[in-house]
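# Examining the three-dimensional arrangement
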Amino acid sequence: MSLWKKLLWFAVAGLGTWAVAMLALSRSEHISALWIVTAGFCALSISYRFYSKWLATKVLLLNEQRATPALLQDDNKDYVPTNGWMVFGHHFAAIAGPGPLVGPVLAAQFGFLPGTLWILIGATLGGGVHDMIVLFASIRRGGKTLGQMVREEIGPGVGLLAMVSVLAIMIILLAVLALVVVQALAESPWGVFTIATTIPIALVMGIGLRTGKVSVMAVTIFGLLGLAFGVWGGQFLGHFPAIESWFRHDQKWLAWAIMIYGLAASILPVWMLLTPRDYLSTFLKLGTVALLAAAVMLINPTLQMPAITKFIDGSGLVFAGPVFPFVCITIACGAVSGFHSLIASGTTPKMITRESRIRSIGYGAMVTEMMVALMAMIAACVLQPGQYFAINTKGAPTEVVAKVSAAGFPVTEAEMQKLATNLGESTMFNRAGGAPTFAVGMASMFARVSTKPAALALWYHFAIMFEALFILTTIDAGTRVGRFLLQDFLGNLWRPLGNTRSWTANFFSSILLVAAWGWFLYEGVIDPLGGINSLWPLFGLANQLLSVVALCLGTTLLIKMRKSKYLFVTLVPLCFMCAVTFSAGYLKVFSPDPRLGFLSGAQSLLSQAAAVTDPVKAANLARQGTIWRFDAFVAVFFLVLVLLIVLGSARQWWQLLRGTKRVVLHESEFVPITPAQLAQF
């Protein structure tokens, strides 16, 4: 490296350090959101340029001459050699679900500093490593899933536990994701129109590419023009009531539609719908985030939220729980996400054509998602804190205003009504969940660069549609990956069901999986008080538990590859994630605070039900209490399974390091890539 390049990178490091110092040391005055953007870009640049390259060349030893599963097992359905940019688009679209948008918004109740620091550190030193090493392991093993690899590398007993836990967690994750999309799109013709438009566009793109007669550039231009039409044209549906009625649907209709879409995405060849649609969605995702970053730089908003609030003690208005471990659990996908390991060992390794792309896709997509999470943090923190807490606090408007103002963040009902009117909504009270808050923050920044009075409402509804599209692309890839996991499990019961080349086995497994998460989804739709909506607190916990399983696998592989001197790469994030997940799990189950602990919360609800005279309200409270007890059982079930996996892995590491167990690395045989394949891909 030349002297000038060294000086440049030292300058980037210095600028990033200065940005973090400004964020950390600021207490009394409001500071610019540009410092968060600066810290993010510097962390992304340095970590990708140096840390990911070191992982690729020194730790994993990526081999450009080694043929990948996509080339060796090309079946025109699951294993399909795909253009590198399209794989990146698919992978990023699949991993970037609600976590990087909703998680940082909810975590903003602690102040902007704790969440920002965890996103920067967690994504670069934990999440990027987690995603990259699982993707590498799957490609070296013929595209096998996480459960299969754990069974082969750690042991059959631990592997069976991993399969059961991963599959159960996957069903809950998909149901929760689908419910968020349904709630965002209900009675929203614009959002439904845009998302419906992307499906035929993706089919045309996939077929065009598959013929070999249309270039990636031409297909991309066609897709972008179609996407622009879908995004822009949806706002005019109100002028055509007959057409608008085609796209205005309730939650039940949308639930069935998403189930059918998930089934199609799981069964159809990956090149026909899944890859082109995710690739297309990535342009909207990255384009919107880039516009958000540009808006921050243009208008230079100040962060209204304090760096640290008094709610770090666990008394938060948005959700209960102390800053550690719940800032990590809440942010989830924005820093470290176990769901990523399912995509990295599901669809993505079956499409990559060269090992060198493991770095750009595995690590690169994760740090790109880090920037999305930082933008979400900014969107939440540029709002007036009183408005932020009023939007996310449950209760009657008068009670919410009194509670938020008493906490030191003054707000009035008139102020909230004016905000709702400007957004084109009837009310902004009781809009908890993070998604509406992100939309308000995003709209407020975009609207500042426009003089039109309706700009705020326009951008708000665009943001709601954008969030729904963001999450839906996780559902389609997740369903396909879930089908792989289910077939792994069913193959142990009857071998033909594990054959992914069999259309019958694929269809049967897809029906079972969609029926499983679809049942929870429909229960949440028809019974908003209970059902899957009550399982939302498990989302972050289950997601982080998956990352523990994936990091156990990564640590085992480094030992077997005789890379023990590099064990800190996976062992440090693994130990930290164990501390996070098991402490959070214990608090969620056994905390005496009824707002936090499942068991104490269930007891409180059942006591309220016994004291209520209204039989309908009493029945609803009793049902909610029963569901919270079920949540406690599910949480304990997941925690015990993952604890057994960690203990089984640690026992294996001890035996391998002492030399009392023979090292067997289940890598596929090396097959060199041909010159023709190298030139083509």
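Residues numbered from 1 in each chain as written. Predicted model: local features only at pLDDT ≥ 70, side-chain atom pairs only at ≥ 80, totals over all residues. Heavy atoms only, no water.

## Let's talk about the side chain of Thr124
The residue Thr124 is located in helix α6 (residues 112-140) in this model. Overall, Thr124 belongs to the buried group, its relative accessible area being 9%. At a separation of 2.7 Å, a polar atom in the side chain of Thr124 contacts the main-chain carbonyl oxygen of Leu120. Once you skip the residues sitting within four places of it in the chain, Thr124 turns out to touch Ala43, Ser47, Tyr51, Tyr363, Val367 and Met370. (Helix = DSSP H or I, 4+ residues; strand = E, 2+ residues; numbered from the N terminus. Buried < 20%, exposed > 50% of the residue type's maximum accessible area, 1.4 Å probe, protein only. Polar contact = N/O pair within 3.5 Å; in protein donor to acceptor, adjacent residues only side chain to side chain. Contact = heavy atoms within 4.5 Å.)

## Brief notes about the packing of helix α1 (residues 3-25) against helix α2 (residues 34-59)
In a pair of packed helices, the angle between the axes and the distance between the axes together describe the arrangement. As a packed pair, α1 and α2 sit with axes 8 Å apart at the nearest point and diverge in direction by 140°. When the axis of α1 is compared with that of α2, the two are oblique. Here α1 and α2 pass one another in a crossing that is left-handed. Contacts between α1 and α2 involve Trp9, Val12, Ala13, Leu15, Gly16, Trp18, Ala19, Val20, Met22 and Leu23 from the former and Trp35, Ile36, Thr38, Ala39, Cys42, Ser45, Ile46, Arg49 and Phe50 from the latter. (Axes fitted to C-alpha atoms, helices over the stretch in contact; angles between N-to-C directions. Parallel < 35°, antiparallel > 145°, perpendicular 65-115°, else oblique. Left-handed = near helix turned anticlockwise from the far one by under 90°.)

## Topic: the pattern of salt bridges
Where charged atoms of side chains with opposite charge meet at close range, the side chains can pair. Scanning all chains against the criterion turns up 12 salt bridges. Residues Arg354 and Glu64 are paired through a salt bridge, measuring 2.4 Å at the closest nitrogen-oxygen approach. Here Arg354 is found in the loop between α15 (339-344) and α16 (357-381), whereas its partner Glu64 is found in the loop between α2 and α3 (69-72), with 290 residues between them in sequence. Each of Arg66, Arg140, Glu355 and Glu667 takes part in salt bridges that share partners, so that together they form one network. (Salt bridge = Lys/Arg side-chain N within 4 Å of Asp/Glu carboxyl O.)

## Things to note about the packing of aromatic side chains
To describe a pair of aromatic rings, one takes the distance between the centres and the angle between the planes. Evaluation of the coordinates by the stated rule reveals 24 aromatic pairs. Relative to Phe590, the ring of Tyr586 has its centre 5.3 Å away and its plane inclined at 45°; by these criteria the two rings are tilted. Placement of the pair is Tyr586 and Phe590 together in helix α24 (residues 568-590), with a separation of four residues, close to one helical turn. One aromatic cluster is present, formed by Tyr51, Trp54, Tyr363, Tyr566 and Phe568 through successive ring pairs. Above the ring of Tyr48, the side-chain terminus of Arg359 is found at 4.4 Å from the ring centroid. For the cation-ring pair, Lys588 lies above Phe598, with the distance from its terminal atom to the ring centre recorded as 4.8 Å. (Phe/Tyr/Trp six-rings, centres within 6.5 Å; stacked < 30°, edge-to-face > 60°. Lys NZ or Arg CZ within 6 Å of the ring centre and 35° of its normal.)

The values are spatial; any link to function lies outside them.
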